[in-house]
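What follows is the residue order along each chain.
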Amino acid sequence: NQTTELQAPELLSHSATAEAMNTRGLNHLSAGRNDLAESDFKSAIALDSSFAAPWSNLVNCQRDMGKSDEAVDTAQAAISRGIESADLYNNYGSTLFGLGQFEFALNAFKKALIINPSHSVAQLNILKSYFCLKQPFNAIDYAGKIQLPERIETALLLAIIGVTYKNGNDSLFAICIHKLL
């Protein structure tokens, strides 16, 4: 029982230190010091590997540094450890998207929405994925199911109109025009 009592403050200390390292990493990231941010996120994970935020932030940081393969490995390591975070899955999907793996990215964005159905960035990334997968009907259908700011919905429809007009898809062109009006 004394052992348990002695370990509890140490665990709190590790958790608090991990949070501080993650916050410092975010500060470095916003200042463009990605190498320092990466180091802080790794330190936070080493202190508390169950803390989701530094995993997600590390994926984001590595992707921004051009280390997409490392970012994918980091995301997969977090997922294999049971980390459930909408931000982690969204950042994982964004990394896969950047690698041109649109179908896998779409699945990651959908997983982010299972965890947090109101994750607006993942919602927009799903639309972007459908568009890149050349599935405009799915994009239109999905756009109708989520609450998009009017300017984004309009931009999406205009983009689809441009592509469908160029490719001669008259039925899709008509649907987009109808939704826009």
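It should be emphasised that the depicted structure is a prediction, and the values quoted were computed from it without experimental measurement.

1. As for helix α3 (residues 52-64)
Because an α-helix packs 3.6 residues into every turn, residues spaced three or four apart end up facing the same way.
Reasoning step 1: With 13 residues, α3 should reach 18 Å at 1.5 Å per residue; the first-to-last C-alpha distance of 19 Å fits that figure.
Reasoning step 2: Directly after α3, the chain includes Gly66, whose backbone phi takes a positive value near 85°.

2. Section: the packing of α3 against helix α4 (residues 68-80)
Reasoning step 1: The contact between α3 and α4 brings their axes to 7 Å, and the two run at 165°. On the basis of the axis angle, α3 is roughly antiparallel to α4. Relative to α4, the crossing made by α3 is left-handed. Each of Trp55, Leu58, Val59, Gln62 and Arg63 in α3 lies in contact with α4, whose residues at this interface are Ser68, Glu70, Ala71, Thr74, Ala75, Ala77 and Ala78.
Reasoning step 2: Each residue belonging to the contact of α3 with α4 can be placed in one class, and the counts come to seven nonpolar, three polar and two charged.

3. Thoughts on the side chain of Ser94
Reasoning step 1: Relative to the helices and strands, Ser94 resides in helix α5 (residues 86-98).
Reasoning step 2: By relative accessible area, Ser94 is classed as buried at 18%.
Reasoning step 3: Discounting chain neighbours no more than four positions away, the residues touching Ser94 are Arg63, Phe109 and Asn125.

4. A short note on the confidence of the model for the protein
Reasoning step 1: Looking at the protein as a whole, the pLDDT averages 83, with 74% of positions reaching at least 70.
Reasoning step 2: Element-level mean pLDDT values for the protein span from 52 in helix α10 (residues 170-180) up to 98 in α4.

5. Some points on the nonpolar core
Burial of nonpolar side chains together is a common tendency in soluble globular proteins.
Reasoning step 1: Ranked by internal contacts, the top residues of the largest apolar core, which has 33 residues, are Leu88, Tyr92, Ile126 and Tyr142.
Reasoning step 2: Mapped by element, the contributors of at least two residues to this core are α2 (34-47), α3, α4, α5, α6 (102-115), α7 (120-132) and α8 (136-145).
Reasoning step 3: Residues in contact with Tyr142, not counting those within four places in the same chain, are Leu113, Gln123, Ile126, Leu127 and Tyr130.

6. Observations concerning the pattern of salt bridges
Reasoning step 1: Inspection of every chain in the model, using the stated rule, returns five salt bridges.
Reasoning step 2: With a closest N to O distance of 3.6 Å, Lys111 and Glu84 form a salt bridge. Here Lys111, found in helix α6, pairs with Glu84, found in the loop between α4 and α5; they are 27 residues apart in sequence, far enough to count as distant.
Reasoning step 3: Its relative accessible area of 46% is what places Glu84 among the partly exposed residues.
Reasoning step 4: Each of Glu38, Lys42 and Lys67 takes part in salt bridges that share partners, so that together they form one network.

About the cut-offs
Residues numbered from 1 in each chain as written. Predicted model: local features only at pLDDT ≥ 70, side-chain atom pairs only at ≥ 80, totals over all residues. Heavy atoms only, no water. Helix = DSSP H or I, 4+ residues; strand = E, 2+ residues; numbered from the N terminus. Expected span 1.5 Å × (residues − 1). Axes fitted to C-alpha atoms, helices over the stretch in contact; angles between N-to-C directions. Parallel < 35°, antiparallel > 145°, perpendicular 65-115°, else oblique. Left-handed = near helix turned anticlockwise from the far one by under 90°. Contact = heavy atoms within 4.5 Å. Nonpolar A, V, L, I, M, F, W, Y, C, P; charged D, E, K, R; others polar. Buried < 20%, exposed > 50% of the residue type's maximum accessible area, 1.4 Å probe, protein only. pLDDT = per-residue confidence, 0-100. Core = buried A, V, L, I, M, F, W, Y, C linked by side-chain atoms within 4.5 Å. Salt bridge = Lys/Arg side-chain N within 4 Å of Asp/Glu carboxyl O.

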